[in-house]
Amino acid sequence: VQLVESGGGLVQPGGSLRLSCAASGFTSSSYGMRWYRQAPGKGRELVATISSAGGITTYAPSVKGRFTISRDNAKNTVYLQMDSLKFEDTAVYYCNAFLNGVDYWGKGTLVTVSS
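Residues numbered from 1 in each chain as written. Predicted model: local features only at pLDDT ≥ 70, side-chain atom pairs only at ≥ 80, totals over all residues. Heavy atoms only, no water.

Draft legend 1. How the structure looks around the overall build of the chain. Helix and strand counts for the chain stand at zero helices and 11 strands. Scanning the chain from its N terminus toward the C terminus, one meets helices and strands in the order β-β-β-β-β-β-β-β-β-β-β. Since a compact globule built from 115 residues should have a radius of gyration of about 13 Å, the 13 Å found for the chain is in line with a globular shape. Considered along the principal axes of its C-alpha atoms, the chain spans approximately 40 × 25 × 25 Å. Across the 115 residues in the chain, those meeting the buried criterion constitute 40%. When contacts within the chain are restricted to residue pairs at least 6 apart in sequence, long-range pairs at least 24 apart make up 52% of them. Distance from the positive charge centre (11 side chains) to the negative charge centre (7 side chains) of the chain: 1 Å. (Helix = DSSP H or I, 4+ residues; strand = E, 2+ residues; numbered from the N terminus. Rg over C-alpha atoms; globule rule 2.2 N^0.38 Å. Buried < 20%, exposed > 50% of the residue type's maximum accessible area, 1.4 Å probe, protein only. Contact = heavy atoms within 4.5 Å. Lys, Arg positive; Asp, Glu negative; His and termini not counted. Charge placed at Lys NZ, Arg CZ, Asp CG, Glu CD.)

So this is what it looks like as structure tokens:
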């Protein structure tokens, strides 16, 4: 089982990034998927959730209207489009797959918002 995040990097405030999470080794299309983030010195925060078929999405208030979660089950990949990035979005972003008490995690990708 693997979840591999990619797409992180350095971006200026107001910029955009798209994170990807590639799943393998399990039937990811059956799992709900989440993006979490952990800023330096802070706890892990739930950012966005998407249902297995992609029809239901939810967002943390801090990112609603700026971030969009989506998935392509044919590619076993989940995305997080991040627009209008702010300094406070700087964090390691983690992908999580969940189903009936089973959780899988990726190792994270670093997003740094800096001028």
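Draft legend 2. Seen up close, unusual backbone geometry. Unusually for a residue other than glycine, Asn76 sits at a positive phi of about 55°. In this fold, Asn76 is placed in the loop between strand 7 (67-72) and strand 8 (77-82). Even without being a glycine, Ser84 presents a positive backbone phi close to 50°. Considering the arrangement of structural elements, one finds Ser84 in the loop between strand 8 and strand 9 (91-99). Classification of Ser84 by relative accessible area gives partly exposed; the value is 41%.

Draft legend 3. Examining the side chain of Arg37 more closely. Tracing the sequence through the fold places Arg37 in strand 4 (residues 32-38). Here Tyr93 takes part through its side chain, which lies 3.0 Å from a polar atom of the side chain of Arg37. (Polar contact = N/O pair within 3.5 Å; in protein donor to acceptor, adjacent residues only side chain to side chain.)

Draft legend 4. Just the nonpolar core, in detail. Grouped together as the largest cluster of nonpolar side chains are 28 residues, with contacts concentrated most on Met33, Trp35, Leu80, Met82 and Tyr93. Looking at this core, the elements with two or more residues in it are strand 3 (17-24), strand 4, strand 5 (44-50), strand 7, strand 8, strand 9 and strand 11 (109-113). Sequence-distant contacts of Met82, defined by excluding residues within four places in its chain, comprise Gly15, Ser16, Leu17, Leu19, Arg66, Phe67, Tyr93 and Val111. (Core = buried A, V, L, I, M, F, W, Y, C linked by side-chain atoms within 4.5 Å.)

So far we have only geometry, and geometry alone does not tell us how the molecule works.
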